[in-house]
Amino acid sequence: VKKSRRCVGDKNTKSVFCLPPQTFDKILIANRGEIACRVIKTCQKMGIKSVAVHSDVDASAVHVKMADEAVCVGPAPTSKSYLNMDAIMDAIRSTGAQAVHPGYGFLSENKEFAKRLAAEGVTFIGPDTHAIMAMGDKIESKLIAKAAKVNTIPGFDGVVETADDAVKIAQQIGYPVMIKASAGGGGKGMRIAWNDEETREGFRFSSQEAASSFGDDRLLIEKYIDNPRHIEIQVLADKHGNALWLNERECSIQRRNQKVVEEAPSTFLDSVTRRAMGEQAVQLAKAVQYSSAGTVEFLVDSKKNFYFLEMNTRLQVEHPITECITGLDLVEQMIRVAKGYKLLHKQEDIPINGWAIESRVYAEDPYKSFGLPSIGRLSQYQEPLNLSNVRVDSGIQEGSDISIYYDPMISKLVTYGATRAEALSKMEDALDNYVIRGVTHNIPLLREIITHPRFISGDISTNFLPEVYPDGFKGHQLEVGNRRELLASAAALYITAQLRSQKVLGNLSYLDSHVAVQMIFCIDASGQIVLQYLGTSFKVRVLSKLAAELNSYMPEKVAEDTSSILRSPMPGSVVAVSVKPGDTVAEGQEICVIEAMKMQNSLTAAKQAKVKKVHCKPGETVGEGDLLVELE
Amino acid sequence: MMAAFSVARSSCGLINGLRVSFRSLAPVKHGAVAAAALQTSLLPDCRRYSVGHLSVKERIDMKRKAALVGGGQKRIDAQHKRGKLTARERVELLLDPESFVESDMFVEHRCSDFGMEQDRNKFPGDSVVTGRGRINGRLVYVFSQDFTVFGGSLSGAHAQKICKIMDQAMTVGAPVIGLNDSGGARIQEGVESLAGYADIFLRNVLASGVVPQISLIMGPCAGGAVYSPALTDFTFMVKDTSYLFITGPDVVKSVTNEDVTQEELGGAKTHTTVSGVAHHAFENDVDALLNMREFFNFLPLSNQDPSPIRACHDPSDRLVTSLDTIVPFETTKAYDMLDIIHAIVDERDFFEIMPSYAKNIVVGFARMNGRTVGIVGNQPKVASGCLDINSSVKGARFVRFCDAFNIPIITFVDVPGFLPGTAQEYGGIIRHGAKLLYAFAEATVPKITIITRKAYGGAYDVMSSKHLRGDVNYAWPSAEVAVMGAKGAVQIIFRGKENQAEAEAEYVEKFANPFPAAVRGFVDDIIEPATTRKKICRDLEVLASKKQVNPWKKHANIPL
């Protein structure tokens, strides 16, 4: 098997021990993308044969190429392929895989899947079913945590029945409070209330949303933590009652409850708090007889009070930063534990070596609410692996398609160094050296975050993005010096291109010049140059003096009146169209709903008008900028 | 970036004299460009003069000055107000600085009817500016019609000036670029004006295939005048300010009772998307002229010149790994042929001709290792990439231009066949499809063909196949060279057979792959897509010395 350099590099994750023990002969990875590649990489290291599953559109995906065997489990939609338990069970039988690694997402926290595997005598590389079940329910997990003496957010421990109950409970806890769905996640069915009236309203909305999103309208109420940090503890436990905490990960930089930049360790924790959090996390793990790797998430307030949030019973997306600072290969540990081996380490063996930062590179347009999915073909793709202390976990390559069916993550870019400053400066370099063409990506935002003074000083919370960019992200704002540098580069590039135009074989009036330049941008005939500078792409136009003078006579083209047309802000599928031609819509009224990558986006009217024409229907796939509805 | 900065420092001297305007990605209105007065400041209305007491030298100066302002400042302002540049501004922007050598500045019209003989109706140079100059150092002849003088109307003198530079261009072997902005014939001159048009048409025809001829329509161009651009190799238009039609909206209304605006009848959008008369449209005058300079770089100066080779920074042996996965798994699924073209050519630089017309075929110019090539490709994204009337004609004309001017042709084939249907048959797909076949067959320039996927039926033969003297024909592993798709073939071969699915599988196994063509030598090799660029560049080097001559004839008889 050809070794791919795209997944975890050995040099980055120094194994503490030498010979891997005998575990499994063959493991099936029930996932795709970077995490599938990540797991296969460790399988290769441990001498285990790997089986990839894939949908038909993923037939030539990187994880398929890396695996020893591959089985197609259905068509593109995840419900028919990566979530298709029947097909995956068939794949396990036909390939004779002895164990399954579920990665994250998909079937990783699905108790039904774990049960079916157990029934066939196939090992699930993760915790036992009862732990998945216990931690999967927000109310139950809180009760267990409380019983295990883990700090929990002050709040009601059971289901709230009526709005009056809700108000009573809210008054007991003290405002502000958070009302949220028991079965929920991803911010759905969540409301913050600052008084009785808002509590009543929030109760009504949340129960409706919870019912429609999860088919379960049970709610709970808890204290709302102002300016919280999201800090989580990685735990590792075996089947013999041993458990370790592998330090924390700071994941406060989020948008829409999804993490963007993570680091380990956190700038905020002192060793006392770290130990307290770690010990509570281990108490919880032991309370549910947890085995394998898991993550206990905490909210931490400005006074370093920490409260249990939830436990994720799987490998986390951001696990590489923990691997960087501890030197452990978490996937390897998971496989060992699943086989029934005892943990190799003691708590005092777990170090914090240096600092690691992870940026999640997404195919997203960061200028639209910090990231709306974008799709396309990676026409050019080069990871910054020429730099040292850089780890890139990805499952794509040049020529890969980022489609609407799956998560738009391109890669996880991890840098580390002896100090945080070193890791950050390495991250800056890595982002600048990353070449991604063909899809819109969020590198401009990532680079702004990691160079922002507040981030550098460690003054962050989960509200970082909306606080720092209250009007949305607008790209790097140039100062005078930078602006001059940018313009000078553009002008030089323009001149270079002009000079080269004269370097034609046999051209008599040939002007000699020894200027060569590497083009990482585009330049067109009318002087438009696109330059990526300090992470952001800038459009610069260079004109000769004459052309600039004459250009002033050119009329501004009248842009399309955007208030009377509705275009799709991103590629996706139409879930619902709420209007028909002839309807009158009020300003702000919902016109249609577009779903892309797990997200539903409601598109509203920009003004009051009559609907002229509807260009889409439910179920249809639309591209970015496609005309959906015309108003009069 | 460091490379860029060091260039910035070393080129400081050159940057003086450049205006750099700037905007971030957020839609900020681009502006901040100072509108400086023209360098040639002139006395207003200096054409009215009495010559009695002036020396010849003074008279020369006066005439020259008068010629420079054309129809006068008022009309120049009006021209600017319409968002158009003057004839001279256009020439200045099109050519290298100070390279313009004007001819016939003193020519005046010779009409003496309707008061035209009066001094105030005489303009030195009349309604057109002509001469020669250079674009990036390479010789070109130019005429630019001056709308400020009698609406750019064509007089006998006007035509004579254009004919003169065309004759010179033919003599020395240099392209002709015409900047059209004319209301039509000079009605006061009557038949003399018509004769002038015909003189130009004749020269357009004689120069055709000898030197490249380009028309850039930058204002009205109506009536018989349209036939000059139509005879040239390329017609480009400026959006919103240029029109091409035989008869204007008023006449259309009176004859066919159709209500149509100028823009709908003959605007840039109409001609680049519906009629196929124009090859490209640009945003405004400045954009159009700067693009003309870029376009000109692709062309040889005459049919005696080889295809130009420019210094190239893109390694000719670059492997394009992204191509290995570009052809989708299912044969019915579309992909964008432009992705393949952009990835293979130098620096992703592709000048597409007719990008909005007959989009099921893609044609345009690019460079391979610095050498200009013509690219023809079926576009699976549009109508499955089938050949129909419009795409055949579009492809044929482009192939013939390349052949006439020694530009190698690279053809990317993914064609399921000719488009069926009464509309196509009644429209004469047989006749029009034959044009593309004819063009590829008669071409003697280097021809390299890459079959990326489908090459079915007669369309396979047409698309620069080995049988039409293709020099190098490659197939990708995904290629299927066959008479037709599996379904159709099975219905004929195994008519009445029970298990059609099994038969189809058998057919796919046998024919839906590159082997049947490869074992017969109809493709020279089956290559990994990633190596395509490398192979083409190498082949072009070898084929640079290709010599092939068609049998002697007065001229061939393409099925028009």
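Rules behind the numbers
- Residues numbered from 1 in each chain as written.
- Chains lettered and ligands numbered in written order.
- Predicted model: local features only at pLDDT ≥ 70, side-chain atom pairs only at ≥ 80, totals over all residues.
- Heavy atoms only, no water.
- Helix = DSSP H or I, 4+ residues; strand = E, 2+ residues; numbered from the N terminus.
- Rg over C-alpha atoms; globule rule 2.2 N^0.38 Å.
- Buried < 20%, exposed > 50% of the residue type's maximum accessible area, 1.4 Å probe, protein only.
- Contact = heavy atoms within 4.5 Å.
- Areas by Shrake-Rupley, 256 points an atom, 1.4 Å probe, with all protein chains shown as cover.
- Lys, Arg positive; Asp, Glu negative; His and termini not counted.
- Charge placed at Lys NZ, Arg CZ, Asp CG, Glu CD.
- Pairing = 2+ DSSP bridges.
- Axes fitted to C-alpha atoms, helices over the stretch in contact; angles between N-to-C directions.
- Salt bridge = Lys/Arg side-chain N within 4 Å of Asp/Glu carboxyl O.
- Phe/Tyr/Trp six-rings, centres within 6.5 Å; stacked < 30°, edge-to-face > 60°.
- Domains from an automatic or database assignment.
- Buried area = accessible area lost by both parts, 1.4 Å probe.

Chemist: Mind laying out the overall build of chain B, listing which residues take part and the relevant values?
Modeler: When its secondary structure is counted, chain B shows 21 helices and 18 strands. Scaling as 2.2 N^0.38, a compact globule of 560 residues should have a C-alpha radius of gyration of about 24 Å, and chain B matches this with 27 Å. Taking the principal axes of the C-alpha coordinates as reference, chain B spans close to 100 × 65 × 55 Å. For chain B, buried positions account for 54% of its 560 residues. Taking as baseline every contact in chain B between residues at least 6 positions apart, the subset at least 24 positions apart corresponds to 73%. Of the roughly 24600 Å² that chain B leaves accessible, carbon and sulfur atoms contribute 56%. Taking the average place of the 63 positive charges on the side chains of chain B and the average place of its 61 negative ones, the gap between the two points comes to 3 Å.

Chemist: Explain the sheet that holds strand β2 (residues 101-103) of chain B to me, and be specific about the residues and the numbers.
Modeler: Residue and element names in this part refer to chain B. Taken in spatial order, the seven strands line up as β2-β3-β4-β5-β6-β8-β10 in an open sheet, and their pairing is mixed. What marks the edges here is a single partner per strand, and that holds for β2 and β10 (280-282). Within the sheet, the average angular offset between the axes of one strand and its neighbour, ignoring direction, is 25°.

Chemist: Please give an account of the pattern of salt bridges that cites residues and values.
Modeler: Tallying each qualifying case throughout the model produces 63 salt bridges over all chains. Between Lys259 of chain A and Glu297 of chain A there is a salt bridge; the shortest N-O distance is 3.2 Å. Of this pair, Lys259 of chain A sits in strand β11 (residues 258-264) while Glu297 of chain A sits in strand β12 (residues 292-300), placing them 38 residues apart in sequence. Owing to a relative accessible area of 11%, Lys259 of chain A belongs among the buried residues under this scheme. Note on Glu297 of chain A: relative accessible area 5%, which makes it buried. For the salt bridge of Glu192 of chain B with Arg110 of chain B, the shortest nitrogen-to-oxygen distance reads 3.4 Å. Note that Glu192 of chain B is positioned in helix α7 (residues 191-207) and Arg110 of chain B in the loop between β2 and β3 (128-135), a separation of 82 residues in sequence. For Arg110 of chain B, a relative accessible area of 49% translates into the label partly exposed. Linked through salt bridges whose partners overlap, the residues forming this network are Glu232, Arg249, Lys259, Glu262, Glu297, Glu318, Glu358 and Arg360 of chain A.

Chemist: Can you explain the packing of aromatic side chains? Please cite residues and give values.
Modeler: All names here are of chain B. One pass over the structure, following the stated rule, counts 27 aromatic pairs over all chains. Here Phe234 and Phe295 contribute two aromatic rings whose centre-to-centre distance is 5.1 Å and whose plane-to-plane angle is 80°, an arrangement assigned as edge-to-face. Here the residue Phe234 occupies a position in strand β8 (residues 234-238), and Phe295 occupies one in helix α12 (residues 285-296), the gap between them amounting to 61 residues. A relative accessible area of 0% means that Phe295 is categorised as buried.

Chemist: Could you give me a rundown of the side chain of His476 of chain A, with the residues and numbers involved?
Modeler: In this structure, His476 of chain A sits in the loop between α15 (464-468) and α16 (480-501). In this structure, His476 of chain A is in contact with Glu448, Asn482, Leu534, Thr536 and Phe538 of chain A, ignoring residues within four places of it in sequence.

Chemist: Could you give me a rundown of the domain arrangement of chain A, with the residues and numbers involved?
Modeler: Residues and elements named next belong to chain A. Here chain A is partitioned into domain 1 (26-125), domain 2 (138-153 + 228-336), domain 3 (155-223), domain 4 (354-475), domain 5 (480-497 + 517-552) and domain 6 (565-631). In this structure, domain 4 and domain 5 have C-alpha centres spaced 25 Å apart. Of the residues lining the interface, nine residues belong to domain 4; the matching set on domain 5 comes to six residues. Buried surface at the junction of domain 4 and domain 5, summed over both partners, amounts to about 560 Å²; 43% is from carbon and sulfur atoms.

Chemist: Give a detailed account of unusual backbone geometry, specifying residues and quantitative values.
Modeler: The peptide bond linking Tyr175 of chain A to Pro176 of chain A adopts the cis configuration, its omega dihedral lying at -5°. Within the secondary structure layout, Pro176 of chain A lies in the loop between α7 (163-173) and β6 (177-181). Here the bond from Ala264 of chain A into Pro265 of chain A is cis, since omega is -5°, no more than 30 degrees from zero. Positioned with a positive phi, Lys304 of chain A is a non-glycine residue whose angle comes to about 65°. Among the structural elements, Lys304 of chain A can be located in the loop between β12 and β13 (306-312). The class for Lys304 of chain A is partly exposed, based on a relative accessible area of 29%. Its identity as a non-glycine residue notwithstanding, Phe114 of chain B has a phi of 50°, on the positive side. Turning to its location among the elements, Phe114 of chain B is positioned in the loop between β2 and β3.

Chemist: So what's going on with the pairing of β6 of chain A? Which residues, and what values?
Modeler: Consecutive side chains along a regular strand alternate between the two faces of the sheet. Residues and elements named next belong to chain A. The buried count for β6 comes to five of five residues, which makes it a mostly enclosed element. Residues of β6 alternate between two faces, with Val177, Ile179 and Ala181 on one and Met178 and Lys180 on the opposite face, all of them buried. Where β6 lies against strand β8 (residues 219-223), five bridges are found, and the strand directions are antiparallel. Considered in β8, the bridge of Lys180 is made with Leu220. Bridge analysis of β6 against strand β7 (residues 191-193) gives three bridges, and the strand direction is antiparallel. Bridge pairing in β7 links Met178 to Ile192.

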